[in-house]
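Overview (structure and organization)
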Amino acid sequence: MHRTTLVMILVAGMLVWPGQTASAASVVYEAESAAIGNGVVESNHAGFSGTGFVNSANAAGAYVEFTVNGTGDTNLAFRYANGTTAARPATLTINGSAIETLRFEGTGAWTTWNNETVAAGLAQGANSVRLTATTAAGLPNVDALTEGAQDGGGTGPIADPIPQNPIQSGLGLVLTEYAQFPKTDPVPSPTDSRLRRHARINHLGQLADGRRYVPDLNGRLYTLPAGGGAPGVYLDLRAAVGGDFFSGRGLGSGFGFVAFHPDFAANGRFYTAHSEAFQALSTQRADWTQSGAVVQSVVTEWTASDPAAPVFSGTRRQLLRLGFGTYIHGIQQIDFNPNAAPGSPDHGLLYVAAGDGGRGTSGTVPQARNQPFGKILRIDPRGSDSANGRYGIPPGNPFAGRPGTLGEIYALGMRDPHRFSWDRGGSGRMFLGHIGEHDIEAVYDVRAGDNFGWSEREGAFRFDRNEPCYLYPLPADDSRFGYTYPVAAYDHNGPPGCTGDLGRAIAGGFVYRGAALPALQGRYLFGDLVQGWIFATSETEMTRGGTDLAPLHQLKIYNAAGNQVTMQTLAGTSRVDLRFGMDRAGDLFVLSKANGKIWKVTGTR
């Protein structure tokens, strides 16, 4: 994800933001400039800020002592890495007085940096702030200390937006390899190494006849036999589109998604979202376009002559075409509400998640209600009262019939609405995994008319387009804007500033309501698509309008032989490109673009 560089100023060994003095609300102190007892400064683990970090000896009594200028009540955020599975506790003392013992839980790797945050009081002038190891394991690797207001009462940048880290769970998933897909290549040949994947598979669903289906961003739609086995090509969308098909720039470009009509077995209709460029930019008129468009996202309706046939044959027609000014954040997902019974108002309505085209950091397009960008749209594929006459606008949409507002809009204020799904039991709620700009990877409970705030907000924090590298407390009058905030979220825990992007992004998942795995019942499972972490949180704890986020639990991973592994091990690389799928029985599947494999969740332990 792109980040804009923001210059920081060194003042008396402290990093402060431009326009602030050393006594400003948020100040970063690098550990390599602190006093060190029984430790050394190193730089052999990536992701640190400044010039290095402090690696203490494995000994009780090892310490790092910062000199902090400040006064009054504040928050202290210690940025650290602990690549072991055991906590490395340390006593915090301020000006010689013991305050409390901080745990410094394992972060999963020495290149994964988290923050341990504590409220404290400082005296006027210079304060000694020391961490002292309490066990023979010594300290974690200590990178920096940020001192500053973070509770919404201040106005300066927030050092650690979400200090609560995911809880390392004792529960694990057993993954059994289910399918291997053939290698495919993007077009044009990519310049970004992240696009060179074995097969860019990104979803798994199931038809009523038992066939499971899987799209590949590079252009193929596969089906898998009901009992498993080798994938077969149901539709070569790339060949059908021809020379304008485009998947070689931007992580989401290509054959992005497929959604089969709930009555596909009878009507043969399904829908795809794909990208076009090349001659299409000059020969195909977009329904809406951003200036300087470099790629177009197209929603197409396909009608199969024989829905039961193993290979598609039939007709197609275009529903919607959007032009995007960058290669990122196009149309990400299209889908139908599986809870909508025949005859209900939502049955057969298509939801379309359109990103902001990368323009949210420089403008307010996600808030503009006369444009589709940065929105979830809801359309009737069989209607005709849209501006282009190719689909209908459901009268139940929250903005239908309002002058100057697109009636297609279901919810707005989004950067990259990457994956959404409905709870297929229990509450029936719609959950969205939303990829953030600076720091916040969020899960939203989506309802008609919601505004998630981007690009005025990132998660439940104020986003300043003039200083996009940092997040800020909400204003005192925030309620007047009517924004909806996440029900669950985690942050990047990267170094302060724009260099803090560790490449993490949320992979939205599903609420498990199946019968085979009771330990997962009622839990929303999702993950981090880059790192391959898999999280779970209780659906009942994801509360709209609450003061607390639902606690996240990071699940262990086991292979079919019962050995504990990581998704990076299973994928064979550090960039997993994780996605999730679910079949009609509610069974969960885990996908990786890295090696083009799918695993079925076959147990827990």
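I will try to describe carefully the structure that is included in this document. (Residues numbered from 1 in each chain as written. Predicted model: local features only at pLDDT ≥ 70, side-chain atom pairs only at ≥ 80, totals over all residues. Heavy atoms only, no water.)

What follows deals with the packing of aromatic side chains. Under the defined criterion, the tally for this structure stands at 30 aromatic pairs. Ring geometry for Phe 526 versus Phe 535: centroids 5.5 Å apart, planes at 50°, classification tilted. Taken as a pair, Phe 526 and Phe 535 share a single burial class, namely buried. Directly above the ring of Tyr 63 sits Arg 130, whose terminal nitrogen or CZ lies 3.6 Å from the centroid. Here the basic side chain of Arg 605 rests over the ring of Tyr 558, its NZ or CZ set 4.5 Å away from the ring centre. (Phe/Tyr/Trp six-rings, centres within 6.5 Å; stacked < 30°, edge-to-face > 60°. Buried < 20%, exposed > 50% of the residue type's maximum accessible area, 1.4 Å probe, protein only. Lys NZ or Arg CZ within 6 Å of the ring centre and 35° of its normal.)

Take the pairing of strand β42 (residues 597–604) next. In the sheet, strand β14 (residues 167–180) pairs with β42 via 7 bridges, with the strands oriented antiparallel. In the sheet register, Glu 177 faces β42, and the bridge partner there is Trp 599. The pairing of strand β41 (residues 588–592) with β42 spans 4 bridges and is classified as antiparallel. By the bridge assignment, Leu 591 is partnered in β42 with Ile 598. (Pairing = 2+ DSSP bridges. Helix = DSSP H or I, 4+ residues; strand = E, 2+ residues; numbered from the N terminus.)

To continue, consider the sheet that holds strand β34 (residues 488–491). The strands making up a sheet associate through backbone hydrogen bonding, with each pair oriented either parallel or antiparallel. One open sheet accounts for 4 strands, arranged β28-β29-β30-β34; its pairing is antiparallel. A single partner strand is all that each edge strand has here, and the edge strands are β28 (416–422) and β34. Across the sheet, the mean angle from the axis of one strand to that of its neighbour is 20°, orientation sign disregarded. In this structure, strand β30 (residues 440–446) lies alongside β34, joined through 4 bridges in antiparallel fashion. Residue pairing across strands places Ala 442 opposite Ala 489, the latter belonging to β34. (Axes fitted to C-alpha atoms, helices over the stretch in contact; angles between N-to-C directions.)

Turning to the environment of Thr 91, a few remarks are in order. Along the chain, Thr 91 falls in strand β9 (residues 90–94). Once the C-alpha coordinates of Thr 91 and Glu 30 are considered, the two residues, 61 residues apart in sequence, prove to be 19 Å apart.

Close approach of charged atoms lets side chains of opposite charge pair. Per the counting criterion, the structure on display carries 25 salt bridges. One salt bridge in this structure joins Glu 65 and Arg 130, with 2.7 Å as the shortest N-O distance. Remark: Arg 130 occurs in strand β12 (residues 126–133) and Glu 65 occurs in strand β7 (residues 63–69); sequence separation between them is 65 residues. Glu 105 serves as the salt-bridge partner of Arg 103, at 2.6 Å between the closest nitrogen and oxygen. (Salt bridge = Lys/Arg side-chain N within 4 Å of Asp/Glu carboxyl O.)

Turning our eyes to something else, we now look at the sheet that holds β7. What the 5 strands build is an open sheet, ordered β4-β7-β12-β9-β10; its pairing is antiparallel. Both edges of this open sheet fall to β4 (35–37) and β10 (97–102), since each of them pairs with a single strand only. For this sheet, the mean inter-axis angle between neighbouring strands, taken without regard to orientation, is 20°. Of the pairings in the sheet, the one linking β9 to β12 comprises 5 bridges and is antiparallel in character. Bridged to Thr 93 within β12 is Arg 130.

Relative to the elements of secondary structure, Asn 451 occurs in the loop between β30 and β31 (457–458). Note: C-alpha distance between Asn 451 and Lys 375 (76 residues apart in sequence) is 9.0 Å. Discounting residues that sit within four places of it in the chain, Asn 451 has contacts with Gln 367, Arg 369, Leu 412, Gly 413, Gly 482, Tyr 483 and Thr 484. Within the structure, Asn 451 has its side chain in polar contact with the backbone nitrogen of Gly 453 (distance 2.9 Å). (Contact = heavy atoms within 4.5 Å. Polar contact = N/O pair within 3.5 Å; in protein donor to acceptor, adjacent residues only side chain to side chain.)

This brings us to the nonpolar core. Counting residues in hydrophobic clusters, the biggest one holds 43 residues, and the most contacted among them are Leu 175, Val 443, Ile 534 and Met 567. Per-element accounting of this core gives the leading share, 4 residues, to strand β35 (residues 506–511). (Core = buried A, V, L, I, M, F, W, Y, C linked by side-chain atoms within 4.5 Å.)

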